[in-house]
Amino acid sequence: MPDYLNEKKAKLLCLFAFSSLSLFAQKNNVLVKIDGLGADTVYLANYYGSKLFYNDTTVANSEGVFSFEGKEFDECGKYAIVLPGPVYFDFMMVNEPMEFHTTLNNPQSDMEVLESKENMVFYDYLKFINVLRKERYVHDQVLNDSTSSKEKVELAKDAINKMTDRVRLKQLELTENPKEYLFGKYLKMMTEIDIPDTPEGVEDKDLWTYMYYRNHFWDNVDLNDPRLVRDASFHNLIDRYWNKILPPDPDTLFVEANKLLKQLEGNYHMFKYCLHHMTFESESSQVMCMDKVFVKLVAQYYATGRVDWINEEQLSKIIERAGELRNTMCGEVMHNVTLPGLDTHKWQSLHDIESKYTLVVIWESTCGHCKKELPILQRIYEEWKVKGLEIYAIGNDFETKPWKEYLEETDYTDWIHVSDNPEINAQDSAMALIQSGVTDLLSLNFRTTYDVFSTPKLFLLDENKTILAKQISALQVAEMLYRREGLDFPGENFFLSDEEIEKRRKKIEKEEKNGG
């Protein structure tokens, strides 16, 4: 067969393949032709919040043509096709035929959308922004040049302002379009809320503005559209709302979490994303008392069968972890632990202490950090005993001897000291003590009850034994006491030994020297 006929046949086969796939694309599937790509593996990936996950895989033919099946509405959103390199291009997965033609060298910039009104809108906007970005570069150069004349600077600023106005008009055209493009919804949820002027007669204008912004934070988000979770902008919104907009108060966070989740009850994917994010953030937060939100979210949603996207083993672990934290939540009355004192015979109950403040200190004799904190606590105790502070110190040693010996060598004798010992924890002894009402199981299992994984562990309680603060340092205890009583804090050195002050001074000098 002559060469020109072979060439003609090859072109016809390629055209037939692309045309056949075009028919396939009519079923809301994704058809792609990549110039420069041969028979190779390509991947479909979907965004989920700020992350990109592999979703499907296929192999292109020798002409770089391939296709993926479309998705149901709930699974649509922002997707990407990952090509060898790896390089990729984004697109809007929607319920309409989608057909793309681009190059392997520059798939995003060389994109030609052959079919899909949604993606034509998406790529037209990207090209619009790229053109403006190139135009702006010249003006940015003027503003960054310290030798630019005042006239040139003003002209550059004016040009940039006009570009900004053009972008806003373009975004408004998409976000307010009656066709409700998915990309338009993505743009809208990135748009800041318009805050009206403060009404007449409002005394605290800043508070009014903050509350208006907080209460209307989600106004630009279609909370009924599950597709919106498949974009980084949604993750940024929930993260900002949770960590920046709402105050770091566990009770407020839990109330606001319930309000948002209530609005999302019909939107499975958005409900799942927000609940998971709030649960994870509250459990892993370094902010004191945030685990209270975790415990309450688990009790209301995870333990009641409303979470079906994790397996039974994971669910059990989450519920178990919440149970471990339940007895140490801020704002709740601490369990009335009852343990024997230094003589191992007289039992001391936490709730029998009558004082304005009680500091529960869980420590052990071999703990190096405990030995640094206890002297500071003693200094605080000497200063605050007359002001209403008592210390209930629970020895975490598993043996009685080292606990007693350490206390005999120190000056902490005025504190209330309790601990368990191997004898009372023997099965028969423990059962008898519990049945006779001397103590209870939570007291004998205080390490689990108070979530003790390391020492020292401190809890500051009020006169009703309500937890005010936990997992804080000795100096933080002092600061909190002074602040609560409206007194001036005398400074850290007031509670430190001369030796410790000198040690800290040398450490600061060393850090400054190394930093320099």
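Remember, it's a predicted structure, so these values are computed and weren't measured experimentally.

Undergrad: How would you explain the overall build of the chain if you had to name every residue and give the values?
TA: A count of helical and extended segments in the chain gives 18 helices and 15 strands. Reported as C-alpha extents along the three principal axes, the dimensions of the chain are approximately 105 × 70 × 55 Å. Here the chain holds 516 residues, and 44% of them are scored as buried. Counting only carbon and sulfur atoms, one obtains 50% of the accessible surface of the chain, whose full area is about 28300 Å². Side chains of the chain give 60 positive and 86 negative charges; the mean places of these two sets differ by 4 Å.

Undergrad: Pulling in residues and values, what's your account of the confidence of the model for the chain?
TA: For the chain, mean pLDDT is 91; residues scoring 70 or higher make up 94% of the total. For the stretch residues 1-26, pLDDT sits under 50, and the model shows 23 contacts to residues farther than four places along the chain or on other chains.

Undergrad: Let's hear about the state of the cysteines: which residues, and what values?
TA: According to the stated counting rule, one finds two disulfides in the structure shown. Covalently, Cys-289 is tied to Cys-330 through a disulfide, its sulfur atoms 1.8 Å apart. On the sign convention where negative means left-handed, the S-S torsion of about -60 degrees between Cys-289 and Cys-330 marks this disulfide as left-handed. Residue Cys-289 is found in the loop between α8 (268-284) and α9 (291-302), and its partner Cys-330 is found in the loop between α10 (312-325) and β9 (338-340); the two are separated by 41 residues along the sequence. A single burial state applies to Cys-289 and to Cys-330, both of which are buried. Bridging Cys-367 to Cys-370, the disulfide has an S-S length of 2.5 Å. Here Cys-367 and Cys-370 share a disulfide; its torsion about the S-S bond, 85 degrees, makes the bridge right-handed. Summarising the burial analysis for this pair, Cys-367 and Cys-370 share the class buried.

Undergrad: Give me the lowdown on the sheet that holds strand β6 (residues 87-93), citing residues and values where you can.
TA: With antiparallel pairing, the four strands of this open sheet are ordered in space as β3-β2-β5-β6. Two strands lie at the open edges of the sheet, namely β3 (51-59) and β6, each paired on one side alone. Across the sheet, the mean angle separating the axes of adjacent strands is 30 degrees when strand polarity is ignored. Note that strand β2 (residues 41-48) and β3 share eight bridges and pair antiparallel. Bridged to Tyr-47 within β3 is Leu-52. Contacts from helix α4 (residues 182-189) reach β5 (77-83) and β6, with the element oriented near 100 degrees to β6.

Undergrad: Could you give an account of the packing of aromatic side chains, with specific residues and numbers?
TA: If you walk through the whole model with that rule in mind, you get 30 aromatic pairs. Relative to Phe-495, the ring of Phe-494 has its centre 5.0 Å away and its plane inclined at 85 degrees; by these criteria the two rings are edge-to-face. The class of Phe-494 is partly exposed, set by a relative accessible area of 32%. The structure contains a cluster of three or more aromatic residues connected by ring pairs, namely Tyr-48, Phe-53, Tyr-213, Phe-217, Trp-218, Phe-234, Tyr-241 and Tyr-273. Over the ring of Trp-384 we find Lys-387; its NZ or CZ atom is 5.1 Å from the centre of that ring.

Undergrad: A description of the sheet that holds strand β4 (residues 65-68) should follow, citing residues and the corresponding values.
TA: Reading across the sheet, the four strands line up as β4-β1-β7-β8 and stay open at both edges, with mixed pairing between neighbours. At either margin of the open sheet sits one strand with a lone partner, and together these are β4 and β8 (112-115). Each strand axis lies, on average, 20 degrees off the axis of its neighbour in the sheet, ignoring direction. Examined bridge by bridge, strand β1 (residues 30-35) and β4 share four bridges and lie antiparallel to one another. Bridge pairing in β4 links Leu-31 to Ser-67.

Undergrad: Lay out the layout of surface pockets with the relevant residues and their values.
TA: In this structure, the largest pocket encloses a volume near 520 Å³. Looking at the lining of the largest pocket, the elements with two or more residues in it are α8, α10, α11 (368-384) and β14 (457-461). Its residues assigned to classes, the lining of the largest pocket comprises eight nonpolar, nine polar and seven charged.

Undergrad: So what about the packing of helix α6 (residues 232-245) against α8? Which residues, and what values?
TA: Orientation of α6 relative to α8, taken along the N-to-C sense of each, is 45 degrees, at an axis distance of 11 Å. The angle between the axes of α6 and α8 places the two elements in the oblique class. Helix-helix and strand crossings are classified by hand; for α6 and α8 the assignment is right-handed. Contact residues: α6 offers Phe-234, His-235, Ile-238, Asp-239, Trp-242 and Asn-243, while α8 offers Met-270, Tyr-273, Cys-274, His-277, Met-278, Glu-281 and Ser-282.

Rules behind the numbers
Residues numbered from 1 in each chain as written. Predicted model: local features only at pLDDT ≥ 70, side-chain atom pairs only at ≥ 80, totals over all residues. Heavy atoms only, no water. Helix = DSSP H or I, 4+ residues; strand = E, 2+ residues; numbered from the N terminus. Buried < 20%, exposed > 50% of the residue type's maximum accessible area, 1.4 Å probe, protein only. Areas by Shrake-Rupley, 256 points an atom, 1.4 Å probe, with all protein chains shown as cover. Lys, Arg positive; Asp, Glu negative; His and termini not counted. Charge placed at Lys NZ, Arg CZ, Asp CG, Glu CD. pLDDT = per-residue confidence, 0-100. Contact = heavy atoms within 4.5 Å. Disulfide = S-S within 2.5 Å. Pairing = 2+ DSSP bridges. Axes fitted to C-alpha atoms, helices over the stretch in contact; angles between N-to-C directions. Phe/Tyr/Trp six-rings, centres within 6.5 Å; stacked < 30°, edge-to-face > 60°. Lys NZ or Arg CZ within 6 Å of the ring centre and 35° of its normal. 1 Å grid on protein atoms, 1.4 Å probe; cavity = no way out; pocket = protein on both sides within 12 Å on 5 of 7 lines; lining within 4 Å. Points joined across faces, edges and corners; volume = space filled by probe spheres on them. Nonpolar A, V, L, I, M, F, W, Y, C, P; charged D, E, K, R; others polar. Parallel < 35°, antiparallel > 145°, perpendicular 65-115°, else oblique. Left-handed = near helix turned anticlockwise from the far one by under 90°.

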